[in-house]
Amino acid sequence: MSEDTPSQRVLVGVNSSDPSLSLKAQGLLPADLFKCHPHLPWVEKARQVGPCMMHLPLNLGDQELESRHDWGLYRDLLIETETPYVNAHMEAQVSVFPSEDWGEIRSLWLKNADIIRCHLSDWPLILENVVWRAEGGRWAKPIVDTSCLSRFLEDADAGLLLDTAHAVITCDSLKVPPEEWIGDLPLQRVKELHVTGVQMHEERLRDSMPMGPYDWQVAEWLFRQIRTGRAAKPWLAALEYGGFGPIFEWRSDPEILLRDLTRLRGLAESVEAPQA
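Everything quoted here is computed from the prediction, not taken from an experiment.

**Notes on the layout of surface pockets**
And then number 1: Volume-wise, the largest pocket comes out at about 1,400 Å³.
And then number 2: Considering the residues around the largest pocket, the lining is formed by 44 residues, among which His89, His166, Asp207, Ser208 and Phe248 are closest to the centre.
And then number 3: Elements represented by at least two residues in the lining of the largest pocket include exactly strand 2 (33-36), helix 7 (164-174) and strand 9 (204-209).
And then number 4: Take the lining of the largest pocket: its biggest share by element is 5 residues, from strand 9.
And then number 5: Across the lining of the largest pocket, the residue classes break down as 14 nonpolar, 16 polar and 14 charged.

**Observations regarding the packing of aromatic side chains**
And then number 1: If you walk through the whole model with that rule in mind, you get 5 aromatic pairs.
And then number 2: Joined through ring pairs, the aromatic side chains of Trp102, Trp109 and Phe152 make up one cluster.

**Section: the confidence of the model for the protein**
And then number 1: Overall, the predicted model of the protein reaches an average pLDDT of 93, with 95% of residues at or above 70.
And then number 2: This stretch, residues 1-7, has a pLDDT under 50; its non-local contacts, to residues over four places away or in other chains, come to 15 contacts.

**A word on unusual backbone geometry**
And then number 1: Of note, the phi angle at Glu100 is positive, near 55 degrees, even though the residue is not glycine.
And then number 2: Inspection of the secondary structure assignment puts Glu100 in the loop between strand 4 (86-89) and helix 5 (102-119).
And then number 3: Residue Glu100 is classed as partly exposed on the basis of its relative accessible area of 30%.
And then number 4: Look at Lys175: it is not a glycine, yet its phi comes out positive at around 65 degrees.
And then number 5: With respect to the helices and strands, the residue Lys175 is situated in the loop between helix 7 and helix 8 (178-183).
And then number 6: The class of Lys175 is exposed, set by a relative accessible area of 67%.

**Thoughts on the packing of helix 9 (residues 213-228) against helix 10 (residues 254-270)**
And then number 1: It is the contact of helix 9 with helix 10, at a shortest axis distance of 9 Å, that shows an interaxial angle of 20 degrees. By the angle between their axes, helix 9 is roughly parallel relative to helix 10. The handedness of the crossing between helix 9 and helix 10 comes out as right-handed. Facing helix 9, whose interface residues are Trp216, Ala219, Glu220, Phe223 and Arg227, helix 10 presents Asp260, Arg263, Leu264, Leu267, Ala268 and Ser270.

**A few points about the environment of Val218**
And then number 1: Within the fold, Val218 resides in helix 9.
And then number 2: Overall, the relative accessible area of 1% leaves Val218 in the buried class.
And then number 3: Beyond its immediate stretch of four places on either side in the chain, Val218 contacts Thr164, Val168, Pro178, Glu179 and Ile182.

**Considering the packing of helix 5 against helix 6 (residues 146-155)**
And then number 1: Contact geometry for helix 5 and helix 6: axes closest at 11 Å, N-to-C directions at 30 degrees. Between helix 5 and helix 6, the crossing angle belongs to the class labelled roughly parallel. Taken as a pair, helix 5 and helix 6 cross one another with a handedness that is right-handed. Counting all contacts with helix 5, which are made through Trp102, Arg106, Trp109 and Leu110, the residues of helix 6 involved are Cys148, Leu149, Arg151, Phe152 and Asp155.
And then number 2: Of the residues belonging to the contact of helix 5 with helix 6, the class tally is 6 nonpolar, no polar and 3 charged.

Cut-offs applied
Residues numbered from 1 in each chain as written. Predicted model: local features only at pLDDT ≥ 70, side-chain atom pairs only at ≥ 80, totals over all residues. Heavy atoms only, no water. 1 Å grid on protein atoms, 1.4 Å probe; cavity = no way out; pocket = protein on both sides within 12 Å on 5 of 7 lines; lining within 4 Å. Points joined across faces, edges and corners; volume = space filled by probe spheres on them. Helix = DSSP H or I, 4+ residues; strand = E, 2+ residues; numbered from the N terminus. Nonpolar A, V, L, I, M, F, W, Y, C, P; charged D, E, K, R; others polar. Phe/Tyr/Trp six-rings, centres within 6.5 Å; stacked < 30°, edge-to-face > 60°. pLDDT = per-residue confidence, 0-100. Contact = heavy atoms within 4.5 Å. Buried < 20%, exposed > 50% of the residue type's maximum accessible area, 1.4 Å probe, protein only. Axes fitted to C-alpha atoms, helices over the stretch in contact; angles between N-to-C directions. Parallel < 35°, antiparallel > 145°, perpendicular 65-115°, else oblique. Left-handed = near helix turned anticlockwise from the far one by under 90°.

Structural data, given as structure tokens:
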């Protein structure tokens, strides 16, 4: 698959959901692509309405990565949707790494990056930052150490899939501003952006929520870094609001979709605007 070209505009994506598909069918959706999980009924439902891209559930911290996934299916879907990258998540659970040793995590991550490239060699690899919470103790802390992540992206020669909501939740636990934490990542490796709101729900911060003032503050700061050249221009900025199934259906309001997508498209288009 070909790499992105700098002259291309930043595309806008959105999670596939019944409301987003309905808005697209009415010609009202200010998005270019549906972002899809590789569940075939959902993919086919979205593809009947408009173009799609794939977001795969691959985790670098998975000890059973190779046997857990249908690599042939993923390959077919990536080809059929013309998705330019294969993605994976930079996660590591304490249950797998009880000592939270970065060397052990790095070793498995490198092994799994090689497995992904072996099965899906036609696509450049991009890696996503994930949520780390201080409470609960589920995730190993090195996965949000920006020096570890930066070195790993270089060692693995991988692009960065930057998720702003994951950064906001993580930084609430780390007690640092998201802009500071994101700024310590290798922003010249950015290939794709995921943007969505963060709100308290059932006594904890949740993502895939409506965008609020703080979420826009972080997103606007990031797009300033892109406009000034400090961060690379992504091929896609996807709004991760809405979706199929009980986890997402209750947060798939069409009015919120229109409001947040319209503003995100404005940010995406600002990358192309002449600089003063």
